[in-house]
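Spelled out from the first residue to the last, the chains are:
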Amino acid sequence: MGTFYTTLKYTAVTIWSMFVIAPFLWALSTSFKDFNSVTSGATYIPWVDFEPTLEGWRVLLRSPAQGGVNIVEPYLNSIFVTCLASFISILLGTLAAYALSRYTFKAGFIKNDDITFFFISQRIMPPVVLAIPFFIMLGKLGLLDTLLGLVMVYVVLLMPIAVWIMVDFFNKVPVEIDETALIDGCNPIQAFFKVVLPNSIPGMVVAGLFCMIFGWTDFFFAFILTFTEVQLLPVAIVSLNSSITPWWSLSAAALVSVAPLIVVAFIVERYLSKGNLSGALK
Amino acid sequence: MTLIASNLTTKGKEEFFLNDISFEMSPGKIYTIIGRTLSGKTTLLKTIAGLIAQDSGTLSFNGNNFDVIPVWKRQVAMVYQQFINYPHLNVYDNIAFPLKQRKVDLAEIKDRVKQAIEQVGLEGFEERKIQALSGGQQQRVALARSLVKNANILLLDEPLVNLDYKLREQLREEFKKIFSSKASEEAILIYSTTDPIEAMQLGGEVIVMDEGKILQQGSAKEIYENPRSTKVAEITNDPAMNLFDGEINGKKITLNNEVILNIPKHFKDLPDGKYSFGIRASGVTLDKSGFPFQIELAEISGSETFLHLNNDQIHVVGLLDAVKNFNIGETVKVSFDIEKLYAFGSDGILMSSPYSGTK
Amino acid sequence: MAQIKLQNIAHSYNPNSVDSKYALKPFDMTWVDGGRYAILGPSGCGKSTMLNIMSGIVKPSEGRLLFDGVDVTDETTSDRNIAQVFQFPVIYGTMTVHDNLAFPLVCRGYDKSFIESKVNEVAEALSLEGLLSQSARKLTADQKQLISLGRGLVRDNVAAILMDEPLTVIDPDLKFRLRRKLKEINQKYQSTLIYVTHDQNEAMTFAENIIVMDDGEIVQVGSPAELFDRPRTTFVGYFIGAPAMNLFECDVVDSNSIKFGSEKISTETDLKSVNGENIKLGIRAEYVQLMKSSAKNTVQAKVESVDDWGNHKLISANFEGNIIKVKVKREVEVPAENVYLRFPTNNCCIYENEILVP
């Protein structure tokens, strides 16, 4: 009985893992193929089904003058914009969320819950609606086609996520912990930094992960708000495409772009399960 | 160093959290606030701590206006009924936190933390994480943190309610010892509870609260012997005092048109008329020549048995000084000890108690 | 309804590790059909583990579990016909009280008229008739807990109703009402009730038989009176009763008396076979008698404190360094200095290595 269930369990997990891993493996093998190996029917195993080549990867490093699309600079741009925007979002979002969780705000019929909803409602709006206002605003500020302009736009997009996650997190932290800190001689600002913040790291890590995923994968605003000076990774990858679809270099670029998220996810997962910090505050 | 509250009032949407609270508390004493849940105990403690601002009324401490001093500058300490500690710090750092915050020098912090750890019996746990402690140990840490700063006012909000029964009993004894040394050091100790026995056992000054109001203040003995009103009698007795509508008519007392008793000596000054009469379970005993009642439930407690009894009109709790099993519905004869009878006016205010003479 | 038998049951949460420690040490136990039991002990003593083994939430690492002689050790919770009530009421908030009670029967596909009669019967027994059409979410905590219980009662084939500290979230005033209902239900349906608690008062008031547990072991099974009068170990003496039993070190003098300090105290216990080192005298604070003058079995002690407990007074008296606690009625006058305390021979329990000498 027991072994039967164990077998069943492992079989299910194996099948599921194959579903998840298969696209990656497919992309990996495609990235080493040339035109013929891609177009002449499905091929699977290198050296047996097809002769591997590094051409797909080389294109990514070659300058446009040499007939390539250099993704190194867009890559670094993306890292810069995503990290800075996430950092600012978490910083402001955590402060906003703490205030929303601990203090009562009231302006007419608008109360704390409405303000929280107002934040998240920014994400309900289709991005297209925001495109033109953003374009005009950045234009007036002279920030079109700059990294700083992109960072500002991404903060607007990411902060609601941070606020939403952190409000929920703070609501689960007993307010008596803050009060105890006050009684123990902290003023409200010290209480926040010495007691509340150190205990909020798990929530901030989760919020940070979401911000990074959304920031990193955005194509729409990166495409509209930049032209020639700066380029972000998703836009660079799309520009790889030409009349003959270069599946090999697209696959290579896809793998490279997904890599940092996988690394971050693993670190976060490790961190959350090891410290079991989410359970520390009951 | 007295704490004086005058006319503290805090109003919620409809109900009062605090309703015209006035008192004077002096150092070296334990004040036990007893009241049911939502009676305003926690609100009062938090107001004293400065965590909640009252709508009106003033607090003064040591002759100074307390209201203008923010929480973090008041010399108060508080222990909550939930086990509240700083989860990111170990036991030592938790207890040292208030001292570090006040920039006490490191050698002194070490001494005082060590002393506090000894007081609450947590030696050897200094490096432990809070999450690795049992509930009782966590509450000891919270207590140590409140003792270590030698606060002028120590607030304990039902600190034992979430602990195992026997642990509660044991900690209560320990608390009492710690407090008696602490109290002599010029601190005001305020302890809130819902449990009458706990209030009695702590043995300090008792303050009875209900619906945001102070109903009575006095020694535990005073409140046991002369509860000012029917409400106080209900709150401060476990099981709650039996209360009946009834009347005095000449030499007789009639309870709920049902039970007729002789009038006890201490009622001799009461005029005829309608009253509420009260008697504790210990005044209602089995007696072959008594009134017939059905057993609703018999519950054994140590060497005694509480009898929940009823007949058509009256529900009453009696006490049998032995352990005995009864069937539900069984008929027994019960007598009321008239020497233990209380009389309250129609407004619920105490008119006569068995202890009137000894007042 | 069934007789439940635990045969050589034991449990360890990690049986394969080297230092595997029993959460529940091997034991045998039979629960009589229709009995009212309480499992009592401090947190971490294994009482919830025992309950969860019976309900099937935990599979014991050793031993068998029999319901009316049928081995159910490997059966799942749902196949065992067990009703369970937890610390926090479990109700379906979106349903009415009626639908909550009917749910277990609806799920099992009973026909409509049967369900109706059963729900009405149980609602009446629990005094929930007036609330049947109300939404369950709006009820008070004790009413919700009654519904949790009622969902167990509608199934007439339940072997036992297991309860894990069901009164924790109930207001003190209402606890009494719920306890009374439980007893009525037990009398009416003759269903076995097993109740886990850390509160000795609750166990005493509720159960016919109390199973006292400590550190994964059953230390005593008995009626409330037995546990109070003749605790089998010093732990039971400490755990049951408020205050805890008085326990003093002493030496055996002859077959029915011991030396407590400088006084000789006789007991009804036969001490012939006792010759160990660690001998203790145990006596309840309720049974120590306050005497006017010296008499047999009496010690003279100095009053250290008298605590006012309302209906009682608790005297702490010092006899040659031993603190004797005495619980007397409020009316009793306590001398200010010296008291004579008599230890009735039938109330003196003698413990050898913390175990009661029978």
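Keep in mind that what you see is a predicted model, and the values were worked out from it rather than measured.

K.L.:
Go over the overall build of chain C with me, naming the residues and quoting the values.
P.N.:
Helix and strand counts for chain C come out as eight helices and 22 strands. Viewed in the frame of its principal axes, chain C has a C-alpha envelope of about 75 × 50 × 30 Å.

K.L.:
Before we move on, could you go through the domain arrangement of chain C and cite the residues and values that matter?
P.N.:
In many reports, interface size means the accessible area that the parts give up when they come together. All names here are of chain C. As assigned here, chain C comprises domain 1 (4-238) and domain 2 (243-356). Taking the mean C-alpha position of each, domain 1 and domain 2 sit 38 Å from one another. At the interface, seven residues of domain 1 touch 10 residues of domain 2. Considering only residue class, the side of domain 1 that touches domain 2 consists of two nonpolar, three polar and two charged.

K.L.:
Let's hear about the arrangement of the chains: which residues, and what values?
P.N.:
In this assembly two pairs of chains touch, with chains B and C having more contacts than any other pair. Taking C-alpha atoms only, the smallest gap left between chain A and chain C, which are not in contact, amounts to 10 Å.

K.L.:
With reference to specific residues and values, describe the domain arrangement of chain B.
P.N.:
All names here are of chain B. Examined at the domain level, chain B breaks down into domain 1 (3-234) and domain 2 (242-358). Of note, the centres of domain 1 and domain 2, computed from C-alpha atoms alone, are 37 Å apart. Counting residues at the interface gives eight residues for domain 1, matched by 10 residues for domain 2. Broken down by element, the residue count for the side of domain 1 that touches domain 2 peaks at three residues, all from helix α8 (residues 230-235). Across the side of domain 1 that touches domain 2, the residue classes break down as two nonpolar, three polar and three charged.

K.L.:
So, the confidence of the model for chain C: which residues are in play, and what are the values?
P.N.:
Confidence in the prediction of chain C, expressed as mean pLDDT, is 88, and 98% of residues score 70 or more. Across the assembled chains, the prediction reports ipTM 0.84 with pTM 0.84.

K.L.:
Got a sec to walk through the interface of chain B and chain C? Specific residues and values, please.
P.N.:
On the chain C side, the residues contacting the 25 residues of chain B number 27 residues. Contributions of two or more residues to the side of chain B that touches chain C are made by α5 (165-183), α6 (196-202), α7 (220-225) and β15 (284-301) of chain B. It is β15 of chain B that provides the largest number of residues to the side of chain B that touches chain C, a total of five residues. Partitioned by chemical class, the residues of the side of chain B that touches chain C number 10 nonpolar, eight polar and seven charged.

K.L.:
Any chance you could break down the pairing of strand β13 (residues 259-262) of chain B for me, citing the residues and the numbers?
P.N.:
All names here are of chain B. Note: strand β12 (residues 252-255) against β13, four bridges, orientation antiparallel. Among the inter-strand pairings, Lys252 is bridged to a residue of β13, identified as Asn262. Between β12 and β13, which pair antiparallel and follow one another directly, the connecting turn spans three residues, one of which, Asn256, has a positive phi of 45°.

K.L.:
Could you give an account of the sheet that holds strand β17 (residues 298-308) of chain C, naming the residues involved and the relevant values?
P.N.:
Residue and element names in this part refer to chain C. On the basis of which strands lie adjacent, the open sheet formed by five strands has the order β16-β20-β17-β18-β19 and antiparallel pairing. With partners counted over all chains shown, the strands left at the sheet margins are β16 (289-291) and β19 (322-329), one partner each. Recorded for the sheet is a direction-independent mean angle of 45° between the axes of neighbouring strands. Where strand β18 (residues 312-319) and β19 come together, eight bridges link them in antiparallel fashion. Bridge pairing links Phe319 to Asn322 in β19.

K.L.:
Quick one: what's the story with the nonpolar core, residue by residue and with numbers?
P.N.:
Judged by nonpolar contacts, the single largest core of 153 residues is most densely connected at Ala162 of chain A together with Ile95, Ala144, Leu155 and Ile190 of chain B. Excluding its chain neighbours within four sequence positions, the residues that come into contact with Ile95 of chain B are Val113, Ala116, Ile117, Val141, Ala144, Arg145 and Val148 of chain B. Counting 71 residues, the second-largest nonpolar core is a separate cluster that includes Leu24, Ile161, Leu193 and Met204 of chain C.

K.L.:
Let's hear about unusual backbone geometry: which residues, and what values?
P.N.:
Residue Pro239 of chain B follows Asp238 of chain B across a cis peptide bond; omega there is 0°. Put simply, Ala242 of chain C and Pro243 of chain C share a cis peptide bond, and its omega is 0°. Tracing the backbone shows Pro243 of chain C in the loop between α8 (234-239) and β11 (246-249). Of note, the phi angle at Trp47 of chain A is positive, near 70°, even though the residue is not glycine. The topology assignment puts Trp47 of chain A in the loop between α2 (35-39) and α3 (55-61). A tally of 7 C-beta atoms within 10 Å means that Trp47 of chain A is categorised as exposed.

K.L.:
An account of the pairing of strand β16 (residues 304-310) of chain B is requested, with residue identities and associated values reported.
P.N.:
Residue and element names in this part refer to chain B. Within β16, five of the seven residues are buried, which leaves it mostly tucked inside the rest of the structure. Bridging between β15 and β16 involves seven bridges; their strand directions are antiparallel. Within the sheet, the bridge partner assigned to Ile300 lies in β16 and is Thr305. A loop of two residues connects β15 with β16, the two strands running antiparallel in sequence, and Gly302 in this loop sits at a positive phi of about 65°. With six bridges connecting them, β16 and strand β17 (residues 315-320) associate as antiparallel partners. Looking at the pairing, Phe306 lines up with Leu319 of β17. Here β16 hands over to β17 after four residues, the two strands then running antiparallel side by side.

K.L.:
Before we move on, can you summarise the interface of chain A and chain B with the specific residues and values?
P.N.:
The interface of chain A with chain B comprises 16 residues on the first partner and 18 residues on the second. In terms of residue count, the dominant contributor to the side of chain A that touches chain B is helix α8 (residues 175-183) of chain A (six residues). For the side of chain A that touches chain B, the class distribution of residues is nine nonpolar, four polar and three charged.

K.L.:
Account for helix α9 (residues 188-196) of chain A, naming residues and giving values.
P.N.:
Residue and element names in this part refer to chain A. Those residues of α9 lying buried are Ala191, Val195 and Val196. With its buried residues spanning 75° around the axis, α9 presents them on a single face. For α9, the exposed residues set more than 90 degrees away from the buried face come down to Ile189 and Phe193. Of the surrounding secondary structure, the elements contacted by the buried residues of α9 are α4 (72-102) and α8.

K.L.:
Provide a residue-level description of the packing of α8 of chain A against α9 of chain A, including the pertinent values.
P.N.:
All names here are of chain A. The N-to-C vectors of α8 and α9 enclose an angle of 120°; their axes lie 9 Å apart at closest approach. What the angle tells us is that α8 and α9 run oblique. Both α8 and α9 take part in a crossing whose hand is right-handed. Each of Ile177, Asp178, Ala181 and Leu182 in α8 lies in contact with α9, whose residues at this interface are Pro188, Ala191, Lys194, Val195 and Val196. Partitioned by chemical class, the residues of the contact of α8 with α9 number seven nonpolar, no polar and two charged.

K.L.:
Describe the sheet that holds strand β1 (residues 3-11) of chain B, naming the residues involved and giving the relevant values.
P.N.:
Residues and elements named next belong to chain B. With respect to topology, four strands assemble into an open sheet ordered β2-β1-β4-β5, the strand pairing being antiparallel. At either margin of the open sheet sits one strand with a lone partner, and together these are β2 (16-25) and β5 (64-65). Summarising the sheet, β1 and β2 pair through six bridges and their orientation is antiparallel. For Ala5, the partnering residue across the bridge sits in β2 and is Phe23. Seen against the sheet, helix α1 (residues 41-49) touches β1, β2 and β4 (56-61) and runs at an angle of roughly 60° to β2.

Parameters at a glance
- Residues numbered from 1 in each chain as written.
- Chains lettered and ligands numbered in written order.
- Predicted model: local features only at pLDDT ≥ 70, side-chain atom pairs only at ≥ 80, totals over all residues.
- Helix = DSSP H or I, 4+ residues; strand = E, 2+ residues; numbered from the N terminus.
- Domains from an automatic or database assignment.
- Contact = placed C-beta atoms within 7 Å.
- Nonpolar A, V, L, I, M, F, W, Y, C, P; charged D, E, K, R; others polar.
- pLDDT = per-residue confidence, 0-100.
- Pairing = 2+ DSSP bridges.
- Axes fitted to C-alpha atoms, helices over the stretch in contact; angles between N-to-C directions.
- Core = buried A, V, L, I, M, F, W, Y, C linked by C-beta atoms within 7 Å.
- Buried ≥ 20, exposed ≤ 12 C-beta atoms within 10 Å, placed from the backbone.
- Arc of directions from axis to C-beta.
- Parallel < 35°, antiparallel > 145°, perpendicular 65-115°, else oblique.
- Left-handed = near helix turned anticlockwise from the far one by under 90°.

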